[in-house]
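Descriptive analysis of the structure
In case you want the letters, here they are:
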Amino acid sequence: METEGAVPPPKNPRRPRRRDLNALDPYLEESDGQDIGIPEVGMVFNNHMEVNRFYRRYARRVGFGVSVRRSSFSQEGTCLYLELMCCKGGRPRYEPKFRKRASSTTNCPARIRVKLWGDKLLHVELANLDHNHPVSPAMARFLNSYKQLSGPAKRRLRMGGPGAMPVEEPSKMPVDKLGALEELLFGESKNHSFVERGRLKLQPGDSEALRLFFTRMQAKNANFFNVIDLDDEGCVRNVFWADAWSRAMYEYYNDAITLDTSYVVSKHDMPLVTFLGVNHHGQSVLLGCGLLSDETAETYTWLFKAWVACMSGNLPKAIITDQCRGIQSAVAEVVPGVRHRICLHQIMKKAAEQLSGLSEYKAISKALQKAAYDSLTVDEFEGEWSTLITYNGLQGHDWLRSLYECRFSWVPIFLKDAFWAGMSATQRSETITPFFEGYVDLKTSLKQFLGKYEMILQSKYEKEAQADFETFHKQRPPVSKFYMEEQLSKVYTHNMFKKLQDEIEAIMYCHVSLMNGDGPISTFNVKECIFLEDGKRTMSKIFAVTYNTEEKDITCICGGFQFSGILCRHSLSVLKFQQVREVPSQYVLDRWKKDFRQLHVMGRLSSDVVPDNRVDRYDYLSMRCLQLVDSAVLSDKYRLALRLVREVEKFLLNSNTHDDTQPRIKSRIPKVKPNTVTGQNLVNVVTDNGNGGPKGPEASASAQASQIQKVDWNKHQDFWCNTTSSVETYSIVGILTA
């Protein structure tokens, strides 16, 4: 007898389609943080939905996407066969095509295959866990399956999951230098008076907003730095701050810095200045903010002192600023040994203001740009400048005379021997975009800006995370058959490899001819056909390139590599002419590599010191621990780091441990949660056999784990940095007394 109200099943149920299998399971969000085990041959599932849910939960935890490779269903809708694979499975297309879309497939072998047996259950017949590409839980939110999640789920994974922001690194300034920094920041200048200066113009509500902003930021992270310059009456003159992320990023990107004063020069209601760097994707990174009362040398001197103290006295190698006598004086006083460059884009912008009243302005502007951008030698620049002044009768023009006097600070021909990380314009069409472009306008108040400050930075961090995701999960199509392109596609970030491809594409416009061969050193002329601004007219320009066949050293007169860290088209043309297949290692900078931050962390590890007092020991141990935290987050070992912290805590709180004891590390295979079908256990659970090893299918894994039981604690950085398994966990299990 049928139950009243029951609905009979449809006669012809709809067979699941592939797009249905790829759709996100609404129950997938519930699995965040749960250890559901790993796919194994022999697992059994009731239906394809259980298989799909299990594998996608596993993929989320490991950090890769899932797609359907093959599937087969009966007319009644019963799954007969299902194969799920990593989203990067499938063969990529390698044929060159102009501006073709980047490929994200790498023919990854990771997959799981189930088949319907006679017991009407789906049995796992194949489970391949190996990937041929990096997997990253921190980048899971950029996968298509994650993008469909709800807002709260995204926030939970971003804030509490593997994708959480890294803990910033503390200052590494030795204790004996803190006194010098305090004197630098708070001591009176010998050359300037800090008394007769202006006061910061604040609108109603700005003072309270600034106070609350500093309080909130310091409560979140003690590494937040801020300092306020007050006059004798207690009124604010200048303000500087840098959040914890900015201070941490300066440790990586301190080779070339820009001081952006565009908001001050253009007379915004908020006199904001920013210190900027550039990351390994070529994106701007905020390294500090300031609010200035005026543009005097005294004010900029205070600003640079505050910034140097914030960065623990670690000076940059090069700095780019606007053309301002106050800034030039401050740089010479506070950071005298740093290479200083005036932004060429700002020079040309000021030229339009200073020269626009002249009758022959257009001709003068073109001549000025030709002298600045096109000169390849000092003599060539001097000749072009002399022609500009003499032909137009500008001998008495004060601004041009002052510009010529400081030519060593802004003309590229005098600056191409230094590395500028591509931060200053080298082409006429290039412009410099302020960091807060689109968020700050002429009438933005300080209160409004501080209210959305964290939101702005979060959007910038997301862009960097997106660039990381594209770098590790997508591959730009080749534009040539040169092996050097394939070589650098494996190491460079996505954005920087794109710049290299632009240079490779331009080889077709370069013609190489040998001029002189003296032993291993040869000189070449590279004639480049350059398209002018209208795109119709062309001009030819000759570049001298020197190549040493023994040392594999190559130098171009354009200085492209010295400026940006990427070989120019002229050097690449000579390498091609000489049938050199690989780019020499000295021209593959770590600065633009995918794993630049990891390389930087491992490269800065130094020998430990033993301070003689408790305060210094606390500071040093804090620094070393936070270095390891940075390494753990960058290497996507967030959960592993949490487990190790708990174990170390137990180890240190044990009253029986002393300085002469050493911990021992061994692998622990996680237990797999059983799948149940009508109360039956269908998966072999990993159990302890009494000897510390697992039974059944995990025996081989246990044998491998036993090989790393004895690990030297003094070489723990190898353990932290080189462990790549997303499944294994580790614990400190013993104390070996020396």
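Heads up: these notes are all about the structure in this document. (Residues numbered from 1 in each chain as written. Predicted model: local features only at pLDDT ≥ 70, side-chain atom pairs only at ≥ 80, totals over all residues. Heavy atoms only, no water.)

This model, assessed by the stated rule, comprises 32 aromatic pairs. On the basis of an interplanar angle of 80° and a centroid distance of 5.4 Å, the ring pair of Tyr250 and Trp307 is categorised as edge-to-face. Linking Tyr250 in helix α7 (residues 244-250) with Trp307 in helix α9 (residues 297-310), this pair joins segments that are 57 residues apart in sequence. With centroids separated by 6.3 Å and ring planes inclined at 55°, the aromatic side chains of Phe419 and Trp592 adopt a geometry described as tilted. One end of the pair, Phe419, is in the loop between α14 (398-405) and α15 (446-451); the other, Trp592, is in the loop between α20 (569-577) and α21 (596-603), with 173 residues separating them in the sequence. The class for Phe419 is partly exposed, based on a relative accessible area of 22%. What links up through ring pairs into an aromatic cluster is the set Phe213, Phe214, Phe224, Trp241, Phe435, Phe436, Phe449 and Tyr453. Sitting over the ring of Trp420, Arg341 keeps its end group 5.2 Å from the ring centre. The positively charged end of Arg597 is found above the aromatic ring belonging to Tyr252, 5.2 Å away from the centroid. (Phe/Tyr/Trp six-rings, centres within 6.5 Å; stacked < 30°, edge-to-face > 60°. Helix = DSSP H or I, 4+ residues; strand = E, 2+ residues; numbered from the N terminus. Buried < 20%, exposed > 50% of the residue type's maximum accessible area, 1.4 Å probe, protein only. Lys NZ or Arg CZ within 6 Å of the ring centre and 35° of its normal.)

This part is about the sheet that holds strand β14 (residues 521-531). If you trace the four strands from one edge of the open sheet to the other, you get β13-β14-β15-β16, paired in antiparallel fashion. The open sheet has two edge strands with one neighbour each: β13 (510-518) and β16 (553-556). Neighbour-to-neighbour, the strand axes of this sheet turn through a mean angle of 25°, independent of strand direction. Pairing between strand β15 (residues 538-548) and β16: four bridges, direction antiparallel. Bridged to Val545 within β16 is Cys556. (Pairing = 2+ DSSP bridges. Axes fitted to C-alpha atoms, helices over the stretch in contact; angles between N-to-C directions.)

With that settled, the discussion passes to the environment of Leu80. Relative to the helices and strands, Leu80 is located in strand β3 (residues 79-86). Classification of Leu80 by relative accessible area gives partly exposed; the value is 34%. For the pair Leu80 and Leu116, spaced 36 residues apart in the sequence, the C-alpha separation amounts to 5.0 Å. If near-sequence neighbours (up to four positions away) are discounted, Leu80 is found in contact with Ser72, Phe73, Ser74, Lys115 and Leu116. (Contact = heavy atoms within 4.5 Å.)

A few words now on helix α6 (residues 206-220). For α6, with 15 residues, the first-to-last C-alpha span of 21 Å sits near the 21 Å given by 1.5 Å per residue. Turning to α6, its buried residues number three or more, namely Asp206, Ala209, Leu210, Phe213, Phe214 and Met217. Projected down its long axis, α6 carries its buried residues within an arc of 130°, all on one side. Here the buried face of α6 lies against β6 (225-230), β7 (236-242), α15 and α16 (453-473). (Expected span 1.5 Å × (residues − 1). Arc of directions from axis to C-beta.)

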